[in-house]
Amino acid sequence: MTSITSAELNYLVFRYLHESGFTHSAFSLGYEAGINKCPIDGNMVPPGALITFVQKGLQYVEMEANLSNSDTDVDDDFSFLQPLDLITKDVHQLRQMIREKKKNLQKEKDKESDKELELERGRVREKERLEKQEKQEKQERQERQERQERQERQERQERLERQERQERQEKQEKERQEKEREREKEKDRIEKDKEREKQHEDQMDTELTTEREDIVLVKHDENGVSGGPEPMDISTSSTFQACEIPSSDVTILEGHTSEVCACAWSPAGSLLASGSGDSTARIWTIADGTCRSNMQNGPSNVLVLKHVKGRTNEKSKDVTTLDWNGDGTLLATGSYDGQARIWSTNGELRSTLSKHKGPIFSLKWNRKGDYLLTGSCDKTAIVWDVKTEEWKQQFEYHTGPTLDVDWRNNVSFATSSTDNMIFVCKIGENRPIKTFSGHQGEVNCVKWDPTGQLLASCSDDITAKIWSMKQEKYVHDLREHAKEIYTIRWSPTGPGTNNPNQQLVLASASFDSTVKLWDVEQGKLLCSLNGHRDPVYSVAFSPNGEYLASGSLDRSMHIWSLKERKIVKTYTGNGGIFEVCWNKEGDKIAACFANNTVCVLDFRM
């Protein structure tokens, strides 16, 4: 509240004295107080101002007691009034002024509050916008980083695959050159030996001619008998010529435009499946009875299963492996693009199974036919539920590419890898039920015996091994090969087979150009079949267990009699052989070649 000054009070007293007739007193006060020098305009002061002021003071005391019933400080109310208001207005007017000024003040406060609230809302919205923008930028950075990591992983994988392919090619080329040199050396040695033998024979003939003439004449005269003919040498080539399969017993299937790396007969009939680097698999219908020498490549007896739309020969779509289900109604194929596909016998694509992150190297149906097992370069194996077309379980135990898989029964199986390890896995289990370690190189192939009790494996460490679920260490370590062992097969003989009275045998095929047969009970070599000149990539037993077919990069397929342990039939094509297989009757053999063809041979003894 504004206070009154002493000059203002002196002037009010001066006016009161003057108005009341106290002239002398008014003069004295005016002289001593310097009223004439006071800046107050007398015209603005009404008559009787001092008395009015005193009355207002009394009213102020009354207002102090009665103006407000709230706990609000009364001094706050008087802060709205000027001294002149207190002199010129009554209590009712003053109350009205205070209420209006309070109301105006409250409006201003409300405006300030609304303005502050709006500013706060703006700050909150700006903060939310900045947080959303920061979150979006963070998510975009994370997505870019993930894309970059995926791209780097894919590039690393592709580099690794290219490097592995290049190393394999260089290795094969080196072996081929080494074989060529060995053949040349062997050829030179044989020629030199023959030359020395011929010279020696000529010399011996010369020395004996004179003596023989005399002896023959004497014996002829005495006994009347002349000398018999010399013994004749039988060369290996003449033996091969004698058992060469005639062209009339061979059907050549043409149509693939790249090397054919896999083939398999349907267990149900006369269908033959083949898989190629041209991004297709084919199902050929092979007529019963004897083959014809003419080419069977017409549209009437072959179905083309395309793994890529448009042009073929796309390397990422190479068909690397295939397998028929037990009743021969479905064909599964594995491809370099990491996808497995299931086809019907009429060529219809039933399912495409996608989860692997690298090429599929091996693929097998279980005996029941409800699960398909795949092994991939991405180091994993996957069991697929064929009915739902979904993956049931992925097994991630290996530290290198998975090279081979093989079912033990309908729910458990073995896997092998470049990490030198073998794992036995079971559906529903989160870790291997058995681990076999002992190989010192990549494990190329694993196969269970017909009873599912013994597991055979072969490796780049030049050994084959036999394992049992009853122990950790291998049962037998088979060490007779001179180079890497590429594949192995059990004979369809012994317990659990259609030939239970015959001995169970294991066959192994190696880059040392030999096939070896093993006694699995003793862990000893039965015999070595030495007829090829280059690495042997495939072996297959006949259904009756009496014969073995072998295919080699030397372009030849030999059929061996296991009883006589010799070649009984042979066929030479125009390219290296990647796989051989018998039909269920045992009267036809299929072989797939590097020159894009598949050959079907009649077998009769």
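Keep in mind it's a predicted model, so treat the numbers as computed, not measured.

Mind showing me how you'd approach the overall build of the chain here?
Secondary structure summary: the chain contains seven helices and 32 strands in total. In the chain, which comprises 605 residues, the proportion classed as buried is 41%. Of the contacts formed within the chain by residues at least 6 apart in sequence, a portion of 48% connects residues at least 24 apart. Accessible surface computed for the chain: about 34,700 Å², of which carbon and sulfur atoms make up 48%.

Explain empty space enclosed by the protein here, please?
Where empty space is left in the structure can be found by rolling a water-sized probe over the atoms. Tallied over the entire structure, the rule returns four cavities of 30 Å³ or more. Of the pockets and cavities examined, the largest cavity occupies roughly 50 Å³. Forming the boundary of the largest cavity are L12, R15, Y16, E19, V45, P46, G48, A49, L50 and I51. Among the secondary structure elements, those contributing two or more residues to the lining of the largest cavity are helix 1 (6-19) and helix 3 (49-66).

In this structure, what is going on with the sheet that holds strand 20 (residues 464-468)? I would like to understand it.
Within a sheet, adjacent strands bond to each other through the backbone by hydrogen bonds, running parallel or antiparallel. Strand order in this open sheet of four strands is 18-19-20-21, and the pairing throughout is antiparallel. The open sheet has two edge strands, strand 18 (443-448) and strand 21 (476-478), and neither has a second partner. Between one strand and the next, the sheet's axes are offset by a mean angle of 20°, whatever the strand orientation. Here strand 18 runs beside strand 19 (residues 454-459); their pairing, made up of five bridges, is antiparallel.

Looking at this model, I keep getting lost on the packing of aromatic side chains. Mind explaining?
To describe a pair of aromatic rings, one takes the distance between the centres and the angle between the planes. A full pass over the atoms with the stated rule returns 14 aromatic pairs. Note on Y397 and F423: the rings are 6.0 Å apart at their centroids and 80° apart in plane angle, and the pair reads as edge-to-face. With Y397 in the loop between strand 13 (390-395) and strand 14 (402-407) and F423 in strand 16 (residues 421-426), the pair connects residues that are 26 residues apart, well separated along the chain. Look at Y397 and you get partly exposed, because its relative accessible area is 22%. For F423, a relative accessible area of 9% corresponds to the buried category. Ring centres of Y486 and F511 lie 5.9 Å apart, and the angle between their planes is 20°; this geometry places the pair in the stacked category. Taken together, the residues span a long stretch of sequence, with Y486 in strand 22 (residues 485-490) and F511 in the loop between strand 23 (505-510) and strand 24 (515-519) at a distance of 25 residues. When its relative accessible area of 36% is taken as the criterion, Y486 is described as partly exposed. Here a set of aromatic residues connected by ring pairs shows up, and it is made of F395, Y397, W407, F413 and F423.

Before we go on, may I ask you to explain the pattern of salt bridges in this structure?
When the charged atoms of two side chains with opposite charge come close together, those side chains can pair. Taken as a whole and assessed by the stated rule, the structure comprises 21 salt bridges. A salt bridge links E116 to R123; the nearest nitrogen and oxygen atoms lie 3.6 Å apart. Note on E116: relative accessible area 45%, which makes it partly exposed. Among the ionic pairs, D460 bridges to K171, the shortest N-O distance being 3.9 Å. Of this pair, D460 sits in the loop between strand 19 and strand 20 while K171 sits in helix 6 (residues 91-223); the two residues are 289 residues apart in sequence, bridging distant segments of the chain. Judged by relative accessible area, which is 22%, D460 ranks as partly exposed. Note on K171: relative accessible area 31%, which makes it partly exposed.

It is not clear to me how a nonpolar patch on the surface should be interpreted in this structure. Could you clarify?
Taken together, the side chains of Y16, F22 and I51 make up a nonpolar region of the molecular surface, amounting to roughly 270 Å² of accessible area. In this fold, I51 is placed in helix 3. On the basis of relative accessibility, which here comes to 45%, the residue I51 falls in the partly exposed class.

Any chance you could explain the sheet that holds strand 17 (residues 434-437) here in plain terms?
Spatially, four strands are ordered 14-15-16-17 in an open sheet, and the strand pairing comes out antiparallel. The open sheet has two edge strands, strand 14 and strand 17, and neither has a second partner. Averaged over all neighbouring strand pairs, the angle between strand axes comes to 15°, with direction disregarded. Bridging between strand 15 (residues 412-417) and strand 16 involves five bridges; their strand directions are antiparallel.

Any chance you could explain the confidence of the model for the chain here in plain terms?
In low-pLDDT segments, the atomic positions of the prediction should not be examined closely. Mean pLDDT over the chain stands at 85; residues scoring 70 or higher make up 82%. In this model residues 204-239 is a low-confidence stretch, pLDDT under 50, and it forms six contacts with partners more than four residues away in sequence or in other chains. Long-range and interchain partners of residues 293-299, a stretch whose pLDDT sits below 50, account for 17 contacts in this model, where long-range means more than four residues apart.

Can you walk me through the side chain of K364 in this structure?
Position of K364 relative to the elements: it lies in strand 10 (residues 360-365). Residues within four places of K364 in sequence aside, it is in contact with D323, Y371, L372, L373, D404, V405, D406, W407 and K447.

Explain the environment of I382 to me, please; I cannot follow it from the model alone.
In this fold, I382 is placed in strand 12 (residues 381-385). Given the relative accessible area of 0%, I382 is considered buried. Distance in space between the C-alpha atoms of I382 and K392 is 7.5 Å, their sequence separation being ten residues. If near-sequence neighbours (up to four positions away) are discounted, I382 is found in contact with K355, H356, L372, L373, T374, W391, Q393 and Q394.

Can you help me understand a positive patch on the surface in this one?
Taken together, the side chains of K138, R141, R144, R147, R150, R153, R156, R159 and R162 define a basic patch exposed on the protein surface. Tracing the backbone shows R147 in helix 6.

What am I meant to see in a negative patch on the surface here?
Taken together, the side chains of E128, E131, E134, E137, E140, E143, E146, E149, E152, E155 and E158 define an acidic patch exposed on the protein surface. Looking at the element boundaries, E143 is found in helix 6.

Thresholds, definitions, all that
- Residues numbered from 1 in each chain as written.
- Predicted model: local features only at pLDDT ≥ 70, side-chain atom pairs only at ≥ 80, totals over all residues.
- Heavy atoms only, no water.
- Helix = DSSP H or I, 4+ residues; strand = E, 2+ residues; numbered from the N terminus.
- Buried < 20%, exposed > 50% of the residue type's maximum accessible area, 1.4 Å probe, protein only.
- Contact = heavy atoms within 4.5 Å.
- Areas by Shrake-Rupley, 256 points an atom, 1.4 Å probe, with all protein chains shown as cover.
- 1 Å grid on protein atoms, 1.4 Å probe; cavity = no way out; pocket = protein on both sides within 12 Å on 5 of 7 lines; lining within 4 Å.
- Points joined across faces, edges and corners; volume = space filled by probe spheres on them.
- Pairing = 2+ DSSP bridges.
- Axes fitted to C-alpha atoms, helices over the stretch in contact; angles between N-to-C directions.
- Phe/Tyr/Trp six-rings, centres within 6.5 Å; stacked < 30°, edge-to-face > 60°.
- Salt bridge = Lys/Arg side-chain N within 4 Å of Asp/Glu carboxyl O.
- Patch = residues over 30% accessible without salt bridge, like charges linked within 9 Å, V, L, I, M, F, W, Y side chains within 5 Å.
- pLDDT = per-residue confidence, 0-100.
- Lys, Arg positive; Asp, Glu negative; His and termini not counted.
- Charge placed at Lys NZ, Arg CZ, Asp CG, Glu CD.

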